[in-house]
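# Structural characterization, general
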Amino acid sequence: MADQEKEQRKKGTFGDIRLDVTRKYVFPMSRKRMIQLGALGCIILLAYFLADVFLLDSSFIARGPLSSNHANFESDCSKCHSSFSAVNDRKCQSCHEKTGDNMGVYTFAAHYVYRSGDRTTRLASAKKEYAGKEEPCATCHPDHLGRSAMITNVSDARCISCHPYGSFNRNHPEFEFARKQLPDESTLIFTHIHHTKLVLEQKLNKSVDIVKACLYCHNPEPDGKHFKPINFDQHCARSCHYPVAPETPSLAIKDGSDKPGVETLDMIQRRRGPGTLWAFYTNPNEFRNDGGRVVKSPVYHKDPWILENLASLRRVLYPDLGLTDLLKATGNPMIDDKADAYAEAIQTLKEYRAELAVRPEPEVQIELARIDSLLKVAQQRLMDPNMKTMRSGFLASAGNENPGLTLDQRNDLEKFAGRLTKDCQKCHHVEQASILRVRVDQRVLRRAEFNHRAHVIERPYCLDCHNEIPVEQMLLGDSASVVSLKPKADAIDSARTQNIPRIENCFQCHTPSTASNTCVTCHYMHPNKTNRANFRLFVER
Amino acid sequence: MLPIKSINISRRSRSPEWFQAFVLSVVICLLAYGINAFFFEINAGNWWGLTYGILASLLMVGAAFYGIRRRKPGLNIGKSQTWVLFHIYGGTMFMLLVFMHSGFHFPAGALNWWLWGLSLWVTISGLFGVALQQWLPKILTSGLSVEAVYERIPELIAQIRTRAEKLIETCTDPVQEFYRKNIAVALAAPQPKLIYYLDITGGIQSRTRQFEYLRRVLSADEQEKLDRLESMFKTKLELDAHYTLQKALRLWLYTHVPLSIVLLLLVALHLYAVWYY
Amino acid sequence: MSPDKNTPLGQTQIKRLEQYKDRWTSYGANTGIVEISEKPTPAMLKKFEIFQEYDDNFLEKISPDISIAKWKKNTVLFEEGSYVDVAFFIASGSVDVYLKKTGEASAANPIFDRSRTVIASDAQSAGSVQAPAGGQTFFQAQVGKQERSGTQIAFLSAMDFNLPVGGAKTLGSGDIFGEIGALSGWPQSVTARSTSQCQFVQIRSAAIRMMRKRSKAWSARLDKIYRDQALLSQLKVTPLFRGLGDDFLQALAAKMELVSCEPDETIIREGEPPGALYMVRSGFVKLSQKYGEGNIVVSYLSKGSTLGEIELLLEGSAGWLYTASSKEYSELIKIPREEFVQLIGEYPNVEKMLWQSAVARIKESGYARKNIRQSEFINTALDKGLVEGNSILVIDLNVCTRCDDCVRGCASTHDDIPRFVREGDRVGDFLVTRACYHCQDPVCLIGCPTGAIRRAAVGDVVEIDEKLCIGCKTCANKCPYDAIIMYDTGEMWPSDMIPEGLRGKEQQIATKCDLCYTDPAGPACVRSCPHGCAYRVESLDEFQQLLWKA
């Protein structure tokens with residue numbers, strides 16, 4: 001027994017049960033083998049990882065394939081990524097701002113400005129205000145979502161993470177004009193029901209097709225997205241409003257006294273002021289002198305004689321008008337069209353220049369120099385995106401009234417201006433001796449894009465959506481309902497009423513299950529560079 | 001003794017406090033996630049998702065420490081049971097936090113898919129192991145009278161065989177014949193069988209019936225020897241049951257441990273990728 | 001469970017002869033034996049008076065356990081606290097016995113099992129304990145020493161000599177010493193040093209027992225020594241007799257009969273007329289009662305437990321309620337009925353305590369009769385030695401995943417050599433591992449030639465000092481529970497090894513659980529169990545609680 005025992009007890013054996021302590025029982029191979037297997041797995045994984053990074057296209061650690069726009073960079077991570085930091089905006093800008101005129105179109109601040117609806121925010125100030133709070137481009141435009149993913153297709157989640165709207169259908173606020181009951185600032189005097197009725201009866205052979213009546217004046221642009229601005233010559237003057245009026249009221253002629261009066265054609269020709277070239281081509285027979293008073297017949301749209309006299313009155317009332325003096329109509333509500341106003345002013349100045357350049361008189365040459373400098377300023381302002389434009393740049397306001405006038409004199413002048421423009425006021429508002437500029441861009445939605453073309457197939461009938469003013473009921477309804485509706489219709493049938501659908505109309509189709517209802521369906525936060533005017537609008541604001 | 005004194009000792013293997021804490025943590029996490037998801041968007045990239053992700057990786061590293069505690073008991077870092085409870089509950093929490101980290105979405109990208117899949121696999125295999133550990137010891141204990149150390153089972157069976165052969169030498173031909181034909185094969189080596197999972201006794205009743213018929217034709221002396229042989233045979237069957245189930249208790253670790261090591265590396269790569277890019 | 005495990009007892013017997021040689025030489029290796037004659041012939045033995053009454057056959061039989069040795073002058077034979085299973089008979093020369101470790105020795109250790117005796121705890125809480133000579137009570141001394149909570153265990157050391165602190169006593173030729181420790185398995189209470197060149201007859205406990213059984217005179221002589229030298233002081237610190245007057249106690253001690261029992265010896269039989277009160281000095285006594293056609297175990301007695309109080313207190317009892325039999329060797333004190341009556345007459349407090357003990361025993365045995373599993377448990381506990389255990393490692397098999405982390409934890413705290421294997425007997429759904437029980441009476445300590453195995457400074461921990469171990473396997477063979485394992489280090493003993501016999505041989509070292517007592521966090525096996533299914537039970541009550549209630 002002792003021998004046998006001795007034989008069996010070898011190094012490291014343990015007790016009577018003769019367990020091999022170190023290998024078999026206490027520290028069996030299986031424990032090591034598990035670790036070894038794990039280590040093997042790790043080595044394979046690491047090898048694959050390194051091979052992927054250095055030899056292949058790093059697709060292993062990427063979230064997914066790049067979008068097709070960026071697909072060329074797939075094998076070169078450093079095109080977008082830098083070590084130990086998020087994707088840097090500068091790397092984005094190195095390509096994108098090159099084509100964006102380096103104006104910061106693609107900055108984060110831009111999205112506060114562009115179509116933010118806040119008419120006071122400008123890019124430069126937004127850049128300053130949101131400095132340091134900028135989100136990197138990749139926050140809203142993550143890539144690696146697959147080849148077919150659109151990088152511009154910002155997910156709602158991205159928007160909602162800052163803008164507290166649950167979703168379009170849940171929390172989207174009512175359109176601002178409707179919520180705040182903002183009037184249309186087109187500054188025209190117009191009745192839709194009456195005009196539609198006349199168009200149907202007189203121009204469309206007593207048709208009852210109201211859509212045709214709409215399209216009679218509202219002509220779509222070639223892309224079908226929007227409608228062309230209403231144009232007097234094309235639409236109003238089309239055998240209805242031409243001439244505008246048979247004659248003016250009888251107006252007192254300027255006699256050198258303090259009393260307000262008009263200059264006759266003669267007087268204007270004699271004076272030869274800037275922009276009066278028209279006087280030489282005007283038929284003198286249109287004027288009828290009536291013992292110190294004059295009547296013009298007929299009255300045309302933008303009648304130069306009336307506008308020239310109105311300008312003279314205005315210059316007395318408001319001596320420092322600056323650029324406003326160069327406009328046919330002034331721009332109190334016209335902030336958004338400032339670029340157009342500038343363009344018009346420049347155009348006017350250029351006309352003046354051409355007119356004066358042929359004249360040798362020294363005082364004319366001095367005037368010419370003044371116009372040149374003005375032209376320069378205006379052009380500079382128009383082109384420089386960072387130039388601050390005074391809000392009141394085109395305003396004739398109480399601030400620059402002529403201090404030399406008494407209250408009576410002022411009232412007389414204002415009253416006379418009213419008489420002078422009596423025919424204009426059928427459609428236009430006249431304030432401070434100037435005709436208020438008509439806003440030709442009829443687009444109302446400031447924050448969103450709307451495309452008519454995308455909607456006409458589903459809703460071909462204009463009044464399906466534009467139903468604030470009860471045009472259809474008043475024209476085609478039975479007599480009882482017409483009578484009952486009349487007071488309301490009369491009250492709202494004006495140009496001030498925005499005959500735009502409310503957001504509930506949108507909800508009818510734009511739901512999660514049917515038409516797209518994402519944020520980017522309507523909202524684009526960076527301006528479209530290809531549309532120059534649009535772009536300038538952005539920069540200018 | 002029992003009727004007289006009452007001693008304050010209790011089974012430590014139950015840990016209701018841990019379970020309660022676990023349930024509480026799950027509720028808190030889901031609540032936090034719910035509140036969170038109501039106000040913010042959660043994905044792996046933003047701060048909320050990142051917080052969940054960091055918590056998850058911390059939990060995973062903490063759970064991995066159990067492996068170190070097991071392999072280096074000499075480090076003396078607390079009770080093993082504390083670690084294993086943390087391992088189990090913390091590991092399950094880890095998976096929950098991984099789900100929360102990804103906002104309960106499927107991941108994007110190969111690495112993330114691997115991470116997600118491996119996390120799920122490691123968690124599920126771990127829970128499978130917990131189930132095995134709950135189930136197998138109970139049937140081992142309730143169904144078998146023998147207790148054996150797994151590593152020694154082949155040796156113990158060899159001992160039984162030696163003794164059986166010694167016994168058989170003294171027996172008459174019928175018994176020797178019977179042994180050679182019916183029993184020797186069974187005593188040759190451990191024979192793991194799936195049947196032991198369903199019936200821990202491995203059908204011992206039917207397997208020992210073969211002894212009955214033979215017993216009738218034997219003398220009293222031989223019968224006694226046959227009885228001894230039968231009892232050895234029964235012991236061997238019990239050892240087989242031990243071998244089968246204890247093997248399962250060891251082998252499941254292969255589904256869990258190696259891949260969890262790979263998972264650790266994947267998490268490290270993930271952290272690197274997130275940090276670097 | 002190992003299906004073909006030899007019984008430890010068998011191994012012991014087989015290897016006894018083999019060990020025998022090692023034992024004596026190692027004693028003499030460096031402690032000053034000049035000359036030793038082993039296995040003396042009957043003729044040689046007959047020269048000494050103590051052997052004269054025995055016949056040659058008997059002497060031949062016991063001779064392997066006897067040696068005759070000459071020791072140098074001024075040699076320490078054994079020290080206080082060491083476990084020696086040898087009695088020394090001084091043939092010539094003189095020996096001083098003295099208390100070296102003053103203070104501790106004054107805290108005389110009583111002979112009772114505190115985990116079990118109702119009396120002990122009551123006496124303590126009643127505050128009736130008189131401080132014994134020396135100024136410090138046992139409890140005070142113990143409280144300072146007890147590091148571990150739970151049951152307090154008596155650190156046993158036999159009061160071989162009634163010595164004052166720092167005192168010394170000279171023994172001369174014809175005296176016997178060391179036999180009390182040898183017989184009861186207690187550590188020596190004194191240090192013995194030879195003051196001149198001496199010749200001793202060294203008799204191992206097995207031989208002493210046989211001699212005692214054979215000869216009334218030898219038995220009486222040993223009893224007398226015990227009575228004179230130790231009994232009184234032991235009685236004084238026994239809870240039951242604490243507070244008794246010195247004179248009374250002396251008279252009582254004189255009337256007491258000392259009973260030594262062989263393993264499985266029946267002490268009393270159920271139904272026979274009760275005539276005395278027994279008190280257990282050492283060992284365990286199994287109490288059984290008739291049940292059905294046979295007997296079932298209902299309770300057991302350990303050190304300090306009394307037997308017979310029920311029968312004696314209840315006047316007119318028909319007979320013993322229990323059959324009492326000794327488990328292994330045990331030593332009892334028998335107090336005759338007359339003395340008992342006198343005792344309780346004079347000291348009502350004693351009667352009160354005995355009543356408590358009686359009530360507790362009736363309750364317990366009644367419970368065991370009703371619950372057979374309790375009886376079975378006690379039986380198992382006695383068989384497997386669980387009663388001895390101060391710290392038994394048990395594993396809940398319903399939870400255990402057999403991962404062996406407990407063994408691994410043990411290994412890693414002990415230089416990668418585990419000190420137990422996850423094997424053992426099953427009790428209920430628990431596995432009682434063969435890790436050291438840290439017995440109340442550690443038999444493994446007895447006979448260690450170098451003192452490598454010893455009680456550690458803390459509580460009940462038994463540890464082995466590997467530096468001292470010479471691989472003699474005495475402890476491993478002594479341990480009834482296979483808890484000590486010989487580990488092959490794979491090295492050879494060095495060439496300057498003492499004893500010389502080992503030089504160049506393969507090195508084996510005994511290893512066993514040390515409860516990780518140096519680590520305040522507790523045993524590594526329990527700490528390493530991932531599923532919390534490993535427990536260290538410190539008493540049977542705890543084990544029962546685990547088994548059935550918790």
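Here is what the cut-offs are and how they apply
- Residues numbered from 1 in each chain as written.
- Chains lettered and ligands numbered in written order.
- Predicted model: local features only at pLDDT ≥ 70, side-chain atom pairs only at ≥ 80, totals over all residues.
- Helix = DSSP H or I, 4+ residues; strand = E, 2+ residues; numbered from the N terminus.
- Buried ≥ 20, exposed ≤ 12 C-beta atoms within 10 Å, placed from the backbone.
- Contact = placed C-beta atoms within 7 Å.
- Nonpolar A, V, L, I, M, F, W, Y, C, P; charged D, E, K, R; others polar.
- Pairing = 2+ DSSP bridges.
- Axes fitted to C-alpha atoms, helices over the stretch in contact; angles between N-to-C directions.
- pLDDT = per-residue confidence, 0-100.
- Parallel < 35°, antiparallel > 145°, perpendicular 65-115°, else oblique.
- Left-handed = near helix turned anticlockwise from the far one by under 90°.

Looking now at the overall build of chain C. A count of helical and extended segments in chain C gives 17 helices and 23 strands. Put simply, chain C has 550 residues, and 51% of those count as buried. Taking the intrachain contacts of chain C between residues at least 6 apart in sequence as the baseline, contacts between residues at least 24 apart amount to 77%.

The next point concerns the interface of chain C and chain B. Note on interface size: it is often stated as the accessible area lost on association of the parts. Taken together, the contact pairs 43 residues of chain C with 34 residues of chain B. Contributions of two or more residues to the side of chain C that touches chain B are made by helix H12 (348-370), helix H14 (405-413), helix H16 (524-528) and helix H17 (540-549) of chain C. Across the side of chain C that touches chain B, the residue classes break down as 17 nonpolar, 12 polar and 14 charged.

Moving on: the sheet that holds strand E6 (residues 168-171) of chain C. The strands that make up a sheet are held in pairs by hydrogen bonds between backbone atoms, and each pair lies either parallel or antiparallel. All names here are of chain C. Spatial ordering of the open sheet is given by E3-E8-E5-E6, a layout of four strands whose pairing is antiparallel. Pairing within the sheet leaves two strands with one partner each, and these edge strands are strand E3 (76-78) and E6. For this sheet, the mean angle separating the axes of adjacent strands, direction not counted, is 30°. Bridge count between E3 and strand E8 (residues 191-194): two bridges; the pairing is antiparallel. Looking at the pairing, Val76 lines up with Arg193 of E8.

This part covers unusual backbone geometry. Of all residues except glycine, most have a negative phi; of all peptide bonds, most are trans. For the bond running from Tyr242(A) to Pro243(A), omega is -10°, close enough to zero to count as cis. Relative to the elements of secondary structure, Pro243(A) occurs in the loop between helix H13 (232-236) and strand E3 (251-252). Following Ser297(A), the chain continues to Pro298(A) via a peptide bond in cis, the omega torsion being -5°. Structurally, Pro298(A) can be placed in the loop between strand E5 (293-296) and helix H15 (304-317). Positive phi values are uncommon outside glycine, yet Asp264(C) reaches one of about 65°.

Moving on, we get to the confidence of the model for chain A. Residues and elements named next belong to chain A. Residue-level pLDDT values for chain A average 79, and 84% of them are 70 or greater. Of all helices and strands in chain A, the one with the weakest mean pLDDT is helix H1 (residues 2-8) (40), whereas E5 scores best (92). Every residue in residues 1-12 scores below 50 in pLDDT, and together they form 12 contacts with partners more than four places removed in sequence or on other chains. Segment residues 535-541: pLDDT under 50, and 17 contacts once partners within four positions in sequence are set aside and those in other chains are kept.

On to the sheet that holds strand E16 (residues 392-396) of chain C. Residue and element names in this part refer to chain C. With respect to topology, four strands assemble into an open sheet ordered E17-E18-E16-E23, the strand pairing being antiparallel. With partners counted over all chains shown, the strands left at the sheet margins are strand E17 (424-427) and strand E23 (534-537), one partner each. Taken pair by pair, the neighbouring strands of this sheet meet at an average axis angle of 30°, ignoring direction. Strand direction decides the pairing type here: E17 and strand E18 (residues 430-433), joined by four bridges, are antiparallel.

What follows deals with the packing of helix H2 (residues 47-71) of chain B against helix H10 (residues 220-276) of chain B. Angle between the axes and distance between the axes: these two values describe a pair of packed helices. Residues and elements named next belong to chain B. Packing of H2 against H10 brings their axes to within 11 Å, and their N-to-C directions diverge by 150°. Relative to H10, the element H2 is oriented roughly antiparallel. Judged by the twist between their axes, the crossing of H2 over H10 is left-handed. Along the contact surface, H2 presents Ser57, Met60 and Ala64, while H10 presents Ser260, Leu264, Val267 and Leu271. Its residues placed into classes, the contact of H2 with H10 shows five nonpolar, two polar and no charged.

As a further point, take the environment of Asp57(A). Within the secondary structure, Asp57(A) is located in the loop between helix H3 (29-54) and helix H4 (89-96). For the pair Asp57(A) and Ser75(A), spaced 18 residues apart in sequence, the C-alpha to C-alpha distance is 4.7 Å.

Residues and elements named next belong to chain C. In this model, chain C carries an average pLDDT of 73, and 78% of its residues clear a pLDDT of 70 or more. Looking across chain C, the model is least confident in helix H5 (residues 138-145), with a mean pLDDT of 30, and most confident in E16, with 91. With pLDDT under 50 throughout, residues 1-30 is counted as low confidence; its partners more than four residues away or in other chains account for 47 contacts. Of the regions scoring below 50 in pLDDT, residues 102-160 engages in 133 contacts with residues more than four places distant in sequence or in other chains. Among the scores for the predicted complex, ipTM is 0.88 and pTM is 0.70.

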